[in-house]
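Read off the chains here:
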Amino acid sequence: MSVANRRVVLTGIGVVTPIGLDAGSFWTALSQGQTGIKRIGGFDPSPLQTQIAAEIIGFDIKKYLLTREERKQIRVMSRTIQLAVAAANLAIADGKVEKDKLDRTRFGVEFGAGLIPSELDELGIASQTGTESNIHATDPKIWGEKSIGQIQPLWMLKYLPNMLACHVSILHDAQGPNNTITESDVASLLAVGEACRIIQRNQADFFLAGGGDSKLTPLSMVRQSLFGHMSRCNETPQKAVKPFDKRRDGTVFGEGGCVLVVEELEHAKKRGASIYAEVAGFGSAFDRGLTGKGLGRAIRAALAEAKISPADVDHVNTHGLGSVPLDAFEARGIHEVFGTSVPVWSITPNIGHLSAGSGTTDLAASLLAMKHGTLPPTLNYETPDPACPVQVLREARPIAKPYFVKIGYTEMGQCGAMVCRRWE
Amino acid sequence: MRRRIVITGMGAVTPLGFSVKDLYENQLAGKSGVDYIKNFDASTFPTKFAAELKGFELSAFVKDPSRWKHAGPNARFAAAAAQQALTDGGLVDNAKVDRTRLGVYLGCGEGIQDFNHMTALISAAYRPEKNAVEPSDFIRRGLTRFEPRHEYEQEMHTTPGHLADYFDLEGPNYNCLTACAASSQAIGEATELIRHGDADLMLSGGSHSMIHPFGVTGFNLLTALSTENENPKKASKPFDLNRGGFVLGEGAGMLILEELEHARKRGARIYAELTGYGSTCDAFRLTDSHPDGRGAIACMQAAIHDAGLAPEAIGYINAHGTSTQVNDRVETLAIRHVFGSNAKNIPVSSSKSMLGHLIAAAGAAELITAVMTIQRGVIPPTINYETPDPECDLDYVPNVAREKNVDHVLSNSFGFGGQNVSLVVSRFRG
């Protein structure tokens, strides 16, 4: 087969989200308009201005790692890694993949990951020792002499961003191309795009591609508070995230992740896989000054590769954070290409802002919407904002066209766009 | 026909100097950039030395250093190297080049954590009786003590974002972090973006410093670093029998990758052609290489195949060569497997013997070294090579640079987690 003709399809979904711990329950919750945002229960959030988040309750990595050998690794898995590992296992199950039949050297892993926050308790004794002579500043001499020995030897491995992909590669014996894109909120979307390119150029046939993130720790929540962009609607958590609405006042973080099975079409057919969608186009760009032009360029590049026009698109799945400036930016980019003719959708009000895990989780939502034939509404949209010239649905409506576009961006201007076509 | 990719600009800030020329010529002279750590007081750490940048001032490189005053070391090193590479490639303020076709793909590490505040705040909020930190106490203190810009600059997308913003680079923008293979991977994937048609030019490379208290702590805990504190300049001795771990370095390396016809049309100077890229994973263990080198073998083979070459065409290998027991043994084994009986005839050297290990940025600095080797026809040595190891029996270009014309160079980068990347650069022939 000529390389130019290699087509890429999505054949498995593994999601771990605040509203569902597999594709089925995730879709049910989305279609019923459920949200996982409530007051933070994992720790006492009272000093924070934003005290709400979408936490995953009842997640236990042991449900996903069954053998003793596998479970030994849990001690070096931070929560972010655990979420990604679980999502990868679910993707394999959802895709009905018989791993033993895969060519290991053609089996790759591509992840999007963010900064993984240190777990504070692990540094407790070491920090106390380091500050024994001066409580305001650690004495590096004491740290070097005593504190280092009070930290567990494999400490650093819990926090390297490539460890999501590496644990998944080891657990599934994936020896093919392997990369971790650390591009903040657009990371996992770019990771899937890159996996598609690698399959197209015939360097792999099969990928686990996705991302995961959890910023629901004291350290990450402090950092995010300092960066701004968070809603203060602590009294009405379910209504806190209002993408593109004039009353929006910021986003709310969630945790979770999604891994997709990304596969060359003939490879998928040969193993009798059921196909969610074909990846028809992908593009990326930098939007300097957040004018919307760069985001528009990424979208146009993806449409051009898919050889379709804006009129062929059923909906645009957005980042839709509920942030005042960033929603306006995103809307400008969408408007550049689609005007107000194509509905946009955001699931951030349902699951919170998943950062590096958001791209693939959002993508999974649209894949499921295409499969079930219904596009759910964006929650909490009531008051249109002229600064956000996009069409936001308040009611569910049937899927009307075969293509959807997933977009993503960072607050610095890194943008990605992917066009998927429903498989029939 | 696949689009051909050439290198049309380079820049470097490394422990061996703040230019490509210094990086290369100091390697030919066999100089070591290693010394006792000055970034912080490491006098009681298990490892007290590293290869630091000495006297680096960003104002010597960029017109508007105030734009970078909040940026962390990764972004500052990257800005200096990018300025050099873009200037070298004739791309600064060049309106004739479509800026939307000029992107960025970096392999930059995490920014440096605020060690002092972090540990002091943890300590204040620590409750020994529970052996746990009281979250609300930590949060209360953190909100007033942490510096927002410093925290923000730790995010890994900030460096490519700053470069794109400052130098007006509006094409695809990525950062990857595959441990010690990151910037090689970035260069490989940037090449593929141009081949695919997503861009015509890419600024690619890496930037990283882990010479800070948490970084040295982490590597010391993994017992990955040399602790030969009596003689820092001799500590990095790749392939030597008495090697005992790697030596941290810091810095940045940047290259301009460009589609050949685009480069020709604008009359760009062509240093070399980027012909091959391979990426694999050991899928074995988090820190140990696969004992048979299976990932490294497949990776080198993939890169050579991608370049359309036979292994015999490779004239020099710039090794990953970290100076750890396992890496150097397994890399040797893998090279022997890929090159067979010809392996002993290929010069293999490790820039890390002089530069230290630039972690995410290592591959970029080493690829620049490989390009210069093609340009100048002199292979840099592996210094501190004294006692041969029976398990490392290749030609490591011991201690003295060697004149040899080479047309194709293989550059290896391997990282924690079993990440393997190999690149092939070739003498440009139209």
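No experiment lies behind these values; they were computed from the predicted model shown.

1. Considering the sheet that holds strand β10 (residues 343-345) of chain A
Residue and element names in this part refer to chain A. Within the open sheet, the eleven strands sit side by side as β5-β4-β6-β7-β1-β8-β15-β14-β9-β10-β12. Their pairing is mixed. Both outer strands of the open sheet, β5 (178-181) and β12 (391-392), are each paired with one neighbouring strand and no more. Bridging between strand β4 (residues 107-112) and strand β6 (residues 206-214) involves six bridges; their strand directions are parallel. Across the sheet, Gly112 pairs through a bridge with Gly211, a residue of β6. Lying on the sheet, helix α3 (residues 79-94) is in contact with β1 (8-16), β4, β6 and β7 (255-264); it crosses β1 at an angle near 130 degrees.

2. Details of the domain arrangement of chain B
All names here are of chain B. In terms of domain boundaries, chain B breaks down into domain 1 (5-112 + 154-426) and domain 2 (115-152). For domain 1 and domain 2, the distance between their C-alpha centres works out to 36 Å. Its residues assigned to classes, the side of domain 1 that touches domain 2 comprises two nonpolar, four polar and one charged.

3. Points about the sheet that holds strand β4 (residues 102-108) of chain B
Residue and element names in this part refer to chain B. Spatial strand order, β7-β4-β8-β9-β1-β10-β16-β15-β11-β12: ten strands in an open sheet with mixed pairing. The open sheet has two edge strands, β7 (173-175) and β12 (348-349), and neither has a second partner. In this sheet, β12 lies alongside strand β11 (residues 316-318) in parallel orientation, the contact comprising two bridges. Note on β12: the bridge partner recorded for Ile317 is Val348.

4. Notes on helix α7 (residues 187-200) of chain A
Residue and element names in this part refer to chain A. For α7, which comprises 14 residues, the first-to-last C-alpha distance of 20 Å matches the rise-based estimate of 20 Å (1.5 Å per residue) to within 8%. The buried fraction of α7 amounts to 14 of the 14 residues, a majority that puts the element mostly inside the structure. Phi turns positive, to about 70 degrees, at Asn202, one or two residues after α7.

5. So, the environment of B:Asp389
All names here are of chain B. Its location among the elements puts Asp389 in the loop between β13 (378-379) and β14 (402-403). For Asp389, a count of 17 C-beta atoms within 10 Å corresponds to the partly exposed category. Separated by 198 residues in the primary sequence, Asp389 and Thr191 place their C-alpha atoms 37 Å from one another. Residue contacts for Asp389: discarding those within four places in its chain leaves Phe239, Asp240 and Leu241.

6. Overview of the confidence of the model for chain B
On average, residues of chain B score 97 in pLDDT, and 100% of them are at 70 or above. Predicted as a complex, the structure gets a pTM of 0.98 and an ipTM equal to 0.98.

7. Points about unusual backbone geometry
Located in the positive-phi region is A:Asp173, a residue other than glycine, with phi close to 55 degrees. Examined against the element boundaries, A:Asp173 turns out to sit in the loop between α6 (163-172) and β5. Of note, the phi angle at B:Val397 is positive, near 50 degrees, even though the residue is not glycine. Residue placement: B:Val397 occurs in the loop between β13 and β14.

8. Structural notes on the domain arrangement of chain A
When the domains of chain A are assigned, the result is domain 1 (8-117 + 159-422) and domain 2 (120-155). Spacing between the C-alpha centres of domain 1 of chain A and domain 2 of chain A amounts to 37 Å.

9. Structural notes on the packing of helix α10 (residues 294-306) of chain B against helix α11 (residues 325-339) of chain B
Residue and element names in this part refer to chain B. Between α10 and α11, whose axes approach to 9 Å, the crossing angle comes to 45 degrees. By the angle between their directions, the pair α10 and α11 is classed as oblique. Considering the relative orientation of α10 and α11, their crossing is right-handed. Counted together, Ala296, Ile297, Met300 and Gln301 of α10 and Val330, Glu331, Ala334, His337 and Val338 of α11 form the full contact between these two elements. Partitioned by chemical class, the residues of the contact of α10 with α11 number six nonpolar, two polar and one charged.

Cut-offs and rules
- For every chain, the first residue of the written sequence is number 1, and numbering continues from 1 onward in sequence order.
- As they are written, the chains are lettered A onward and the ligands numbered 1 onward, keeping that order.
- Owing to the predicted nature of the model, reporting of local features is limited to residues with pLDDT of at least 70; listing and counting of side-chain atom pairs is limited to 80 or more, with chain, interface and lining totals taken over all residues.
- DSSP calls a pair of strands paired once it identifies at least 2 bridges connecting them.
- Secondary structure follows DSSP: runs of H or I at least 4 residues long count as helices, runs of E at least 2 residues long count as strands, and numbering of each begins at the N terminus.
- Here, residues touch in the contact sense if the C-beta positions derived from the backbone fall within 7 Å of one another.
- In this analysis an axis means a line fitted to C-alpha atoms, helices contributing only their contacting stretch, and an angle means the value between N-to-C directions, from 0 to 180 degrees.
- Domain start and stop points were drawn from an automatic or database domain assignment.
- Any residue outside Ala, Val, Leu, Ile, Met, Phe, Trp, Tyr, Cys, Pro, Asp, Glu, Lys and Arg is labelled polar, Gly included; the first ten of those are nonpolar and the last four are charged.
- Multiply 1.5 Å by the residue count of a helix minus one, and that product is the helix's expected span.
- Using C-beta atoms placed from the backbone, we call a residue buried if 20 or more other C-beta atoms fall within 10 Å of its own, exposed if 12 or fewer do, and partly exposed for counts in between.
- pLDDT expresses how confident the predictor is about each individual residue, on a scale running from 0 to 100.
- Oblique is the label for every angle not falling under 35 degrees (roughly parallel), over 145 degrees (roughly antiparallel), or within 65 to 115 degrees (roughly perpendicular).
- By convention, the crossing between two helices is left-handed when the near helix turns anticlockwise from the far helix through less than a right angle, and right-handed when the turn is clockwise.

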